Amino acid sequence: MASGGVSVASLWTEVNRCGQNGDYTRALKALTKILHENRDDVTALHCKIVCLIQNGTFKEALNVMNTHSKLLGSDVVFEKAYCEYRLNRVESALKTIEAAPEQTDKLKELYGQVLYRLERYDDCKSVYTDLIRNSQDEYEEERKTNLAAVVASMSQWEDAPLEDLGLPESTYELCYNAACALIGQGQLTDAYNKLQQAEELCRVSLADDSDVTEEDIDSELAVIHSQMAYVMQLQGRTDEALQLYNQVIKLKPSDVGLLAVTANNIITINKDQNVFDSKKKVKLTNAEGVEYKLARKQLQAIDLNKALLAMYTNQADQCRKLSSSLQSQNPSHPRPVLIQVAQLCREKQHSRAIELLQQFSEQHPESASGIKLTMAQLYLVQGHVTKACDVLRSIEEFKHKSGMISALVTMYSHEEDIDSAIDVFKQAIEHYQSEQPGSVAHLALVREAANFKLKYGRKKEAISDLEQLWKQNPKDIHTLAQLISAYSLVNTDKAKSLSKHLPSADTMAFNVDVDELENSHGATYVRKKAAKVTGENLPKEQGQGEIKKKRKKKKGKLPKNCDPKATPDIERWLPMRERSYYRGKKKGKKKEQIGKGTQGATAGASAELDASKTASSPPTSPRPGSASGSTTAPASNVVPPRQQKPAASGATRKKAPQKKKKGGKGGW
């Protein structure tokens, strides 16, 4: 009998009934009473662990197993590994599974999940392939979905070739994973069509369930829509992608991994624009548990974008902190270093940036190609073209590429270092001569080298290249002509002997009917034909031809003040200001008389020249302030205009308007 008068048998009956009903909380209470009576009851302990797992209290279940590990032994290996897996202790779960005495099917299922979380995709694929082959139950479709997810991850994160495992696409999960695999292969159009198919399958499968609402369907479709937006973004349809991303964010899905990826992709579209929106979106990438939902490369991409956003928002310390953390996680990855260099360049510390790049390229030569290209760019920004060329020539991977050769020759030509440019051509030709002799790239390079040498007058050095080209194609007349021209400066006898290979003038002449060519439809110039002679326009007899009258040349008109006897000015065709005798304009003669003295007053000299004050021209009307008969007046008696008062008659004088009195009838 248990405490309280309840038998142990009845408690087990209660545990059985609660287990069938899914009421694990009440079952735990009954199991606690049983274990109170018998602490070493293995079955009760096992049942308690299962109930704790069903309630989601994985840490408590793991504590029970660790406390009674000797008593339970290997009976709870699966439960222990599962609790460790759910508590994100993936490495511990892997050790627990590998230490199990027997690999049961459920342990293999969990083993596959653990390997997937550890991104050991090859081993995970082998586990699921074996499970599908050796088991037949109602979980077969879930296993195939997991295998499709493994194939998609290998395609996306490991660039593995797509392998056809004969998996069906009957469900939207399988169809979605197939689309992700196509994205990893770069087949974006096919992937987008597959995602549309997955969306349709999802709607059809959920529409049959009456308990599922439209909001539930949209929430389930969120991951498909986010992936569709990602494909659009890769295709350059950023506006459509951004709209779809924002729709997913507005739904607020419970999957923190989906929210983080969607927010990160919005930040990549915004770049250095719309920074305020990016700062809001970056908070979604910091949600709890994100690191357990995403792959390692996804997390690195998010951290890189955080560092770039800190740089664009002028948070220099935060940018350095994030980039340094990324570099410590993956020391051989060049992107964290490039972000640090970009931040230093924003602070105008180009020399420090070049030192950092040089240090990284020496420590990690496998990633030095992109780093050295950045170094060359920084040298060019500083104007050190020769140093940039030296860095570019040290990149063995791109040393003999056509683009690199073109860039080096252009920069050396800009610096007028023709010898170094020719040396670049020489090394590249020797490389192709040993690796791909006679190839199209080899001959094109020889042709460019010859043209370059001829352009800069190095005909002697161009002879070997031209001979090589002519031997490859003896019918190339243009190359032969260039070769003869080059030899004419070095060896005239050789030039004469080579000129014998030139075709004769007859063979070079074109058998073309000129009249037919001129009268053709596409001719831009047509020679006019002579008009037919008619009876009216018969030619006159000899000696009676028309006499053309000579036109008389008109004498040029001379200026009115021109003196024909005087010698003309030899500088007359020059502008006045450019002539030797030009002394500048005499400015302000009249202005000197204005503004001196009382306003309106004039000097005596001006008064004498005033025609209105002479006796010969009396004024028609008297001036204000003076006698009507006066004709002249001394300057001292002149009254300035603004001091004069108009003499008006009383009849014409207007009364000044009277001001209105303040205050009216109302007393205001």
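Residues numbered from 1 in each chain as written. Predicted model: local features only at pLDDT ≥ 70, side-chain atom pairs only at ≥ 80, totals over all residues. Heavy atoms only, no water.

## Notes on the overall build of the chain
(1) Moving on: For the chain, the count of helices and strands is 31 helices and 0 strands.
(2) Moving on: Split into buried and exposed, the 668 residues of the chain put 32% on the buried side.
(3) Moving on: Counted over contacts in the chain with a minimum sequence separation of 6, partners at least 24 positions apart contribute 47%.
(4) Moving on: As displayed, the chain offers around 45,400 Å² of accessible surface, 51% of which is attributable to carbon and sulfur atoms. (Helix = DSSP H or I, 4+ residues; strand = E, 2+ residues; numbered from the N terminus. Buried < 20%, exposed > 50% of the residue type's maximum accessible area, 1.4 Å probe, protein only. Contact = heavy atoms within 4.5 Å. Areas by Shrake-Rupley, 256 points an atom, 1.4 Å probe, with all protein chains shown as cover.)

## Digging into the pattern of salt bridges
(1) Moving on: Going through the model one piece at a time under the given rule, you end up with 17 salt bridges.
(2) Moving on: Here Lys281 makes a salt bridge to Asp277, at a shortest N to O gap of 2.7 Å. Residue Lys281 and its partner Asp277 are located together in helix 16 (residues 275-281), separated by 4 residues, close to a single helical turn. In this structure, Lys281 and Asp277 share a single accessibility class: buried.
(3) Moving on: By sharing partners, the salt bridges in this structure join Glu14, Arg17 and Arg26 into a single network. (Salt bridge = Lys/Arg side-chain N within 4 Å of Asp/Glu carboxyl O.)

## Thoughts on a negative patch on the surface
(1) Moving on: On the surface, Glu138, Glu141, Glu142, Glu173, Glu215, Asp216 and Glu220 cluster together into a negatively charged patch.
(2) Moving on: Secondary structure elements with two or more residues in the negative patch: helix 10 (140-157) and helix 13 (214-234).
(3) Moving on: Among the elements that make up the negative patch, the one with the highest residue count is helix 13 (3 residues).
(4) Moving on: Mapping Glu220 onto the fold places it in helix 13. (Patch = residues over 30% accessible without salt bridge, like charges linked within 9 Å, V, L, I, M, F, W, Y side chains within 5 Å. Lys, Arg positive; Asp, Glu negative; His and termini not counted. Charge placed at Lys NZ, Arg CZ, Asp CG, Glu CD.)

## Examining the packing of aromatic side chains
(1) Moving on: Summed over all chains, the structure comprises 5 aromatic pairs.
(2) Moving on: Here Phe78 and Tyr82 contribute two aromatic rings whose centre-to-centre distance is 6.2 Å and whose plane-to-plane angle is 20°, an arrangement assigned as stacked. Residue Phe78 and its partner Tyr82 are both found in helix 6 (residues 77-86); the two are separated by 4 residues, about one turn of the helix.
(3) Moving on: A ring pair is formed by Tyr116 and Tyr121, whose centres lie 5.7 Å apart and whose planes are at 70°; its orientation type is edge-to-face.
(4) Moving on: Residue Tyr116 is classed as partly exposed on the basis of its relative accessible area, which comes to 30%.
(5) Moving on: Ring-pair connections join several aromatic residues into one group, and the members of that group are Phe58, Phe78 and Tyr82.
(6) Moving on: Above the ring of Tyr192, the side-chain terminus of Arg237 is found at 5.4 Å from the ring centroid. (Phe/Tyr/Trp six-rings, centres within 6.5 Å; stacked < 30°, edge-to-face > 60°. Lys NZ or Arg CZ within 6 Å of the ring centre and 35° of its normal.)

## Looking at the packing of helix 12 (residues 188-207) against helix 13
(1) Moving on: Between helix 12 and helix 13, the least distance of the axes is 10 Å, while the angle of their chain directions is 175°. Relative to helix 13, the element helix 12 is oriented roughly antiparallel. Contact residues: Leu188, Tyr192, Leu195, Gln196, Ala198, Glu199, Cys202, Arg203 and Leu206 in helix 12; Glu214, Ile217, Glu220, Leu221, Ile224, His225, Gln227, Met228, Val231, Met232 and Leu234 in helix 13. (Axes fitted to C-alpha atoms, helices over the stretch in contact; angles between N-to-C directions. Parallel < 35°, antiparallel > 145°, perpendicular 65-115°, else oblique.)

## Digging into the UniProt feature "repeat: TPR" (unreviewed entry) in the chain
(1) Moving on: UniProt records the feature "repeat: TPR" (unreviewed entry) for residues 222-255 in the present numbering.
(2) Moving on: Between the C-alpha atoms that bound residues 222-255 the distance is 10 Å, and the span itself is 79% helix and 0% strand. (UniProt positions renumbered as here; feature names shortened; annotations may be inferred.)

## A look at the environment of Ser361
(1) Moving on: Mapped onto the secondary structure, Ser361 falls in helix 20 (residues 350-363).
(2) Moving on: A residue is classified by how much of its surface remains accessible, and Ser361, at 7% relative accessible area, is buried.
(3) Moving on: Along the sequence, Ser361 and Lys372 sit 11 residues apart, while their C-alpha atoms lie 7.3 Å from each other.
(4) Moving on: Ignoring any residue separated from it by four or fewer positions in sequence, one finds Ser361 in contact with Ala368 and Ile371.

## Side note on the environment of Tyr230
(1) Moving on: Locating Tyr230 in the fold gives a position in helix 13.
(2) Moving on: Judged by its relative accessible area of 29%, Tyr230 falls in the partly exposed class.
(3) Moving on: Separated by 14 residues in sequence, Tyr230 and Leu244 have C-alpha atoms that sit 9.3 Å apart.
(4) Moving on: Contact partners of Tyr230, with chain neighbours within four places excluded, come to Ile183, Tyr245 and Asn265.

## Considering helix 20
In an α-helix, one full turn covers 3.6 residues, which means residues spaced three or four apart are oriented alike.
(1) Moving on: For helix 20, spanning 14 residues, the distance from its first C-alpha to its last is 20 Å, which sits close to the expected 20 Å at 1.5 Å a residue.
(2) Moving on: Taken together, the buried positions of helix 20 are His350, Ala353, Ile354, Leu356, Leu357, Phe360 and Ser361. For helix 20, the arc enclosing every buried residue in end-on projection is 160°, short of the 170-degree limit, so these residues lie on one face. In helix 20, the exposed residues that point more than 90 degrees away from the buried face are Glu355 and Glu362.
(3) Moving on: Looking at the buried residues of helix 20, the elements they touch are helix 18 (316-329), helix 19 (335-346) and helix 21 (368-382). (Expected span 1.5 Å × (residues − 1). Arc of directions from axis to C-beta.)

## What to know about the side chain of Ser369
(1) Moving on: With respect to the helices and strands, the residue Ser369 is situated in helix 21.
(2) Moving on: If sequence neighbours within four positions are ignored, Ser369 has contacts with Ile395, Glu397 and Phe398.

## Some remarks on unusual backbone geometry
(1) Moving on: Although it is not a glycine, Asn314 adopts a positive phi angle of roughly 60°.
(2) Moving on: Turning to its location among the elements, Asn314 is positioned in the loop between helix 17 (296-312) and helix 18.
(3) Moving on: Looking at Asn314, the relative accessible area reads 60%, which means it is exposed.

## Here's the deal with the packing of helix 15 (residues 256-270) against helix 17
(1) Moving on: Between helix 15 and helix 17, whose axes approach to 10 Å, the crossing angle comes to 40°. Comparing the axis directions of helix 15 and helix 17 gives the class oblique. Crossing angle aside, the handedness with which helix 15 passes helix 17 is left-handed. Note on element contacts: helix 17 touches helix 15 through Gln298, Ala301, Ile302 and Asn305, opposite Ala260, Val261, Asn264 and Thr268. (Left-handed = near helix turned anticlockwise from the far one by under 90°.)

## Observations concerning the confidence of the model for the chain
(1) Moving on: Of all residues in the chain, 80% attain a pLDDT of 70 or more, and the chain-wide mean is 80.
(2) Moving on: The model gives residues 602-645 a pLDDT under 50, and that stretch makes 18 contacts with residues more than four places away or in other chains.
(3) Moving on: Note that residues 647-655 has pLDDT below 50 and, in this model, 1 contact with residues that lie over four places away or in other chains. (pLDDT = per-residue confidence, 0-100.)

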